[in-house]
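Notes for the structure review
Here are the chains, one letter per residue:
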Amino acid sequence: MRLTPAARLSTGILLFLGLVGCQWLPVSSGSPAADLSGTVDFGGGRHAQASFDQVADAATISLMETSGPTSTTIASTITRQGGLFSLSIPRFVPDPTKIYILEAIKGLYGNAVNKDAARVRTLIRYTDGSWTSLTNLVPGPINLGVGSTALCVMYGLRSGEATINPAELMGSIALGNAEALPLPAAADTFTPPASVAAVMTKQDFHTVSDLVGRAVQGDSDPISAVQYTLADGYFVKTAQDPFIDNLSSTAAGYGAPLVITGYRFDPVIANNTVYFGGPTGTVAAIDSSKPNSANVLYVTVPEGAPSGVVMVRNGTGLSNGIQFTVVPRIGGKLN
């Protein structure tokens, strides 16, 4: 049968679209991957601004392949009630030498305006025809929760300091095996492999697990809210924390007045603590004779304060830091 030019064009377009449609998943030699199944669990006992149900139910589950600082989504699905999910990826052949990210994301308060989207993660690997993860070394349901997210955050923030093989982290979390010590208590137990013990300690895991929970309670994404610096260690920034917008000066000497403007300072001025030199630095006195408010604090550069970031802490959390240089007093004697 001879096709008309229009029919040939239409057939060519359909053939092209069909070929393009076949390429949406990366395929390599080998057997297709087994399905992924498990639960998203943010600790049902937490009573917070963002609740467990908001994060776990109807969250988007994505399997991602990383390449340097970027990642490509391979497949996705939606969690059912209670955070249960099953992700079918029959046309994808995973590379057993690679580590993949499994992530759940959910816009809080029904994706409301001005509300964050919370993410929980785990790392997974495909070997011998089955998936392993941070919480299991044998085939079985995969858990995305506080513990796995904490370890993903630790790996992401500290991997630049040392050579950390993420494959060695598989199965390093005993899910539901609670540990009271070291403080703060953790719902899971992390056993650091010897190769990473210098930069990913049990104490770090307990600390970051607590910060992950605090991030969700503060309506924030734990993946971005938990941060780390060599000077301050791990800390969390949430949508409920105070925020410094500006300092009236970025350099001054001891005893100089300084005006801090921002948001979410405690209207009860005594409930705010202003630090010079980081979250454990020198405490500054707040001038109660000035019109302090939820947006303005009047302080004096404390005697002996070091140069570093100025931060505000109150009952809702710790602010961001603004760099400030303390100008040293010139000493000596004139003859």
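Residues numbered from 1 in each chain as written. Predicted model: local features only at pLDDT ≥ 70, side-chain atom pairs only at ≥ 80, totals over all residues. Heavy atoms only, no water.

**A closer look at helix 4 (residues 146-158)**
For helix 4, with 13 residues, the first-to-last C-alpha span of 18 Å sits near the 18 Å given by 1.5 Å per residue. Of all 13 residues that make up helix 4, 10 are buried, and the element is covered over most of its length. By the burial criterion, the buried members of helix 4 are V146, G147, S148, T149, A150, L151, C152, V153, M154 and R158. (Helix = DSSP H or I, 4+ residues; strand = E, 2+ residues; numbered from the N terminus. Expected span 1.5 Å × (residues − 1). Buried < 20%, exposed > 50% of the residue type's maximum accessible area, 1.4 Å probe, protein only.)

**So, the packing of aromatic side chains**
According to the stated counting rule, one finds 7 aromatic pairs in the structure shown. Taking 4.7 Å as the distance between ring centres and 55° as the angle between the ring planes, the aromatic pair formed by Y126 and W131 counts as tilted. One exposure class covers both Y126 and W131, and it is buried. Their ring planes at 40° and their centres at 5.3 Å tell us that F190 and F205 sit as a pair that is tilted. Separated by 15 residues along the polypeptide, F190 in strand 10 (residues 189-190) and F205 in helix 5 (residues 202-217) bring together distant segments of the chain. Here F190 and F205 have matching classes, each one buried. Following the ring pairs from residue to residue traces out a cluster consisting of F92, Y100, Y126 and W131. (Phe/Tyr/Trp six-rings, centres within 6.5 Å; stacked < 30°, edge-to-face > 60°.)

**Considering helix 5**
When the terminal C-alpha atoms of helix 5 are compared, their 23 Å separation across 16 residues agrees well with the 22 Å that a helix rising 1.5 Å per residue should span. If you check which residues of helix 5 are buried, you get D204, F205, H206, V208, S209, L211, V212, G213, A215 and V216.

**Concerning the nonpolar core**
As a rule of thumb, soluble globular proteins bury nonpolar side chains together. Membership of the largest hydrophobic core comes to 31 residues, with the highest contact counts inside it found for L134, M154, M200 and V208. Among residues more than four places away in sequence, those in contact with M154 are S159, F190, M200, T201, D204, F205, V208 and Y234. Membership of the second largest hydrophobic core comes to 21 residues, among which are L87, A104, W131 and I142. (Core = buried A, V, L, I, M, F, W, Y, C linked by side-chain atoms within 4.5 Å. Contact = heavy atoms within 4.5 Å.)

**Points about unusual backbone geometry**
The amide bond that connects L181 to the next residue, P182, takes the cis arrangement and shows omega of 0°. Here P182 shows up in the loop between strand 9 (173-174) and strand 10. Here the bond from L183 into P184 is cis, since omega is -5°, no more than 30 degrees from zero. In this structure, P184 sits in the loop between strand 9 and strand 10. With a phi angle near 60°, R264 is a residue other than glycine that sits in the positive phi range. Judged by its relative accessible area of 41%, R264 falls in the partly exposed class.

**Describing the layout of surface pockets**
The volume enclosed by the largest pocket comes to roughly 410 Å³. In terms of lining residues, the largest pocket is bounded by 21 residues, among which T66, I101, R121, L123 and Y155 are the most central. Listed by contribution, the elements that provide at least two residues to the lining of the largest pocket are strand 2 (60-67), strand 3 (70-78), strand 6 (117-127) and helix 4. Looking at the lining of the largest pocket, the element that brings in the most residues is helix 4, giving 5 residues. Residue composition of the lining of the largest pocket, by class: 11 nonpolar, 8 polar and 2 charged. (1 Å grid on protein atoms, 1.4 Å probe; cavity = no way out; pocket = protein on both sides within 12 Å on 5 of 7 lines; lining within 4 Å. Points joined across faces, edges and corners; volume = space filled by probe spheres on them. Nonpolar A, V, L, I, M, F, W, Y, C, P; charged D, E, K, R; others polar.)

**Let's talk about the pattern of salt bridges**
Within this structure, the stated rule accounts for 8 salt bridges. Residues R158 and D204 are paired through a salt bridge, measuring 3.8 Å at the closest nitrogen-oxygen approach. Of this pair, R158 sits in helix 4 while D204 sits in helix 5, and the two are 46 residues apart along the sequence. Each member of the pair R158 and D204 is classed as buried. Here the residues in one salt-bridge network are E103, R119, R121 and D221, joined through shared partners. (Salt bridge = Lys/Arg side-chain N within 4 Å of Asp/Glu carboxyl O.)

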